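Secondary and tertiary structure notes
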Amino acid sequence: MNIVDLRSDTVTKPTPAMWDAMAHAEVGDDVYGEDPTVNKLEAMAAERMGKEAALFVVSGTMGNLVALLAHCQRGDEAIIGDKSHTFLYEQGGMAALGGIMPHTVPNQMEGTLCLSDVRDAIRGDDEHFPRTRLICLENTHNACNGAPLTPWYMGRVAEVAREHGLKIHVDGARIFNAAAALGVDVRELVKDADSVMFCLSKGLCAPVGSMLCGSHEFIKEARRARKVLGGGMRQAGVIAAAGVVALEQMTERLVEDHARAKRLAEGLAELPTVVVEPVFTNILYFRLAPEVTLTAAEVAERLREYGILIGPRSARSFRAVTHYWIDDEGVERMIEAMREILS
Ligand SMILES: *Cc1c(COP(=O)(O)O)cnc(C)c1O
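Predicted model, so just to flag it, every value in this text is computed and none were measured. (Residues numbered from 1 in each chain as written. Predicted model: local features only at pLDDT ≥ 70, side-chain atom pairs only at ≥ 80, totals over all residues. Heavy atoms only, no water.)

**Looking at the overall build of the protein**
The number of helices and strands found in the protein is 14 helices and 13 strands. For a compact globule of 343 residues, the expected C-alpha radius of gyration is about 20 Å, and the protein comes in at 21 Å, within 12% of that figure. Seen along its three principal axes, the alpha-carbon backbone of the protein occupies a region of about 60 × 50 × 35 Å. In the protein, which comprises 343 residues, the proportion classed as buried is 55%. Taking contacts inside the protein between residues at least 6 apart in sequence as the whole, the part at least 24 apart equals 73%. Carbon and sulfur atoms make up 52% of the accessible area of the protein, which totals about 14,800 Å². (Helix = DSSP H or I, 4+ residues; strand = E, 2+ residues; numbered from the N terminus. Rg over C-alpha atoms; globule rule 2.2 N^0.38 Å. Buried < 20%, exposed > 50% of the residue type's maximum accessible area, 1.4 Å probe, protein only. Contact = heavy atoms within 4.5 Å. Areas by Shrake-Rupley, 256 points an atom, 1.4 Å probe, with all protein chains shown as cover.)

Dropping the structure here:
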């Protein structure tokens, strides 16, 4: 029985085309700027985002941290959502390693920050205060039902940023999911951002890596920051080759993952003891109704017997993520298994 792994889109193994590209990658020393495959991937990423330049980094966490280090000095402040991945799940790297102070603002249910909250969070010019430098946004928003932020919203945040001379960084780990869900070119989503990070290693199926994109000047600073973090890689073309395939072949098909997440939501919503959250992209949150006596961990354990892996989020709730290696049969198996376990 093949395993239906709904824990995350990070579990995606490389596609056959990626294995082939990695086996035959042309490589060189990327710290010398001599890896042709990394150079190609960086040029492609910049082009896709409509930015001047790009940098290949080992992970999304490194990409966000490098961006923060490049935008901010020690003691500067960054405005950031209180449910954002960077605030919750990156060990406070900005503070720990960059001396950058996070100024949290509540994330609204659809992943946005209220513009009035952002305005209130911006510090005036006063020697008592840290200097506000940066606004961080997340698109799609992992903890807010995988919701996409729209070009319209980005434009409104950019107005506030421009008024106050602030930069904008987008944690776009799943920015191509946002573009697919909204039916817009990804450039539209990031044209108002000074920098954007996106992951090759999630729905795009590459084994390793994320891209950070921005101006030439910004990427020059980011390259320095990557080096001090130990992220200067040598013959990284071996893994960058899979990233090239990811950008060439994997972005358009994300709508299939979204359709399967919707189908999963519909199937689970038919069960009287499951409460399903709204689904926008490839991420679905759902929880057990109060009358269910099993805990989420117990349900997850029972699902293993059906060859299904899923991540409990709390004592009563789950996150399921669809991706390239989840097919229609896997979605139906999950719905049927939940029906049997909860009946
Ligand atoms: C996964 C993720 C990251 C971090 O990426 P890693 O490659 O796991 O370090 C950052 N932001 C968001 C929204 C993510 O989902």
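Don't stop here, the text continues.
**Notes on the pattern of salt bridges**
Overall, the coordinates contain 21 salt bridges when judged by the stated rule. The salt bridge involving K191 is made with E188; its shortest N-O contact spans 3.6 Å. You can call E188 partly exposed: its relative accessible area is 36%. As a salt-bridge pair, E305 and R302 come within 4.0 Å of each other at their nearest N and O atoms. (Salt bridge = Lys/Arg side-chain N within 4 Å of Asp/Glu carboxyl O.)

**Comments concerning the packing of helix α3 (residues 60-71) against helix α10 (residues 216-228)**
Where α3 meets α10, the axes come as close as 8 Å, and the angle between the chain directions of the two elements is 115°. The hand of the α3/α10 crossing is right-handed. Every residue of α10 that contacts α3 at M62, V66, A67, L69, A70 and H71 is listed here: F218, E221, A222, A225 and R226. Taken together, the residues of the contact of α3 with α10 break down into 8 nonpolar, 1 polar and 2 charged. (Axes fitted to C-alpha atoms, helices over the stretch in contact; angles between N-to-C directions. Left-handed = near helix turned anticlockwise from the far one by under 90°. Nonpolar A, V, L, I, M, F, W, Y, C, P; charged D, E, K, R; others polar.)

**Looking at helix α14 (residues 328-342)**
Relative to the 21 Å expected for 15 residues at 1.5 Å per residue, α14 spans 21 Å between its end C-alpha atoms, a close match to the ideal helical length. Those residues of α14 not exposed but buried are G330, V331, R333, M334, I335, A337, M338, I341 and L342. (Expected span 1.5 Å × (residues − 1).)

**Looking at empty space enclosed by the protein**
The final tally for this structure, using the stated rule, is 4 cavities of 30 Å³ or more. The computed volume of the largest cavity comes to approximately 70 Å³. I80, S84, C136, L137 and E138 are the residues nearest the centre of the largest cavity, which is lined by 14 residues in total. Those elements giving two or more residues to the lining of the largest cavity turn out to be β3 (76-81), β5 (131-138) and β6 (167-171). For the lining of the largest cavity, the element with the highest residue contribution is β5, accounting for 3 residues. Looking at the lining of the largest cavity, its residues break down into 5 nonpolar, 7 polar and 2 charged. Computed from the structure, the second largest cavity encloses a volume of approximately 60 Å³. G172, A173, R174, I175, F176, N177, F198, C199, K202, G203, L204 and L254 are the residues that line the second largest cavity. (1 Å grid on protein atoms, 1.4 Å probe; cavity = no way out; pocket = protein on both sides within 12 Å on 5 of 7 lines; lining within 4 Å. Points joined across faces, edges and corners; volume = space filled by probe spheres on them.)

**Notes on the domain arrangement of the protein**
For the protein, the assigned domains are domain 1 (14-249) and domain 2 (253-342). Here domain 1 and domain 2 have C-alpha centroids that lie 29 Å from each other. The interface of domain 1 with domain 2 comprises 19 residues on the first partner and 15 residues on the second. For the pair domain 1 and domain 2, the summed buried surface comes to about 1,400 Å²; carbon and sulfur atoms form 58% of the total. For domain 1, the biggest contributors to the area lost against domain 2 are N142, N145 and N177; these three give 36% of the whole. Where domain 1 meets domain 2, there are 4 residue pairs in polar contact (both at pLDDT 80 or more). At 4 residues, the largest contribution of residues to the side of domain 1 that touches domain 2 is made by helix α8 (residues 175-182). (Domains from an automatic or database assignment. Buried area = accessible area lost by both parts, 1.4 Å probe. Polar contact = N/O pair within 3.5 Å; in protein donor to acceptor, adjacent residues only side chain to side chain.)

**Some details on the site of the ligand**
In the vicinity of the ligand, the contacting residues are S59, G60, T61, N64, H85, E90, E138, D171, A173, R174, C199 and K202. Between an oxygen atom of the ligand and a main-chain N or O atom of G60, the distance comes to 2.8 Å. Note that an oxygen atom of the ligand is positioned 2.6 Å from one of the side-chain N or O atoms of T61. With 3 residues, the single largest contributor to the shell around the ligand is α3. (Near = heavy atom within 4 Å.)

**Let's talk about the environment of L254**
Structurally, the position occupied by L254 is in helix α12 (residues 254-269). On the accessibility criterion, L254 (0% relative accessible area) is buried. Sequence separation between L254 and I335 is 81 residues; the distance between their C-alpha atoms is 21 Å. Excluding anything up to four places from it in sequence, L254 contacts F176, N177, A180, G203 and L204.

**Brief notes about the side chain of E90**
One can find E90 in the loop between α4 (85-89) and α5 (93-98). K202 provides the closest opposite charge to the buried, unpaired E90, separated from it by 7.4 Å. Of the polar contacts made by the side chain of E90, one reaches the side chain of T86; its length is 3.4 Å. If near-sequence neighbours (up to four positions away) are discounted, E90 is found in contact with T61, N64, H85 and D171. (Lys, Arg positive; Asp, Glu negative; His and termini not counted.)

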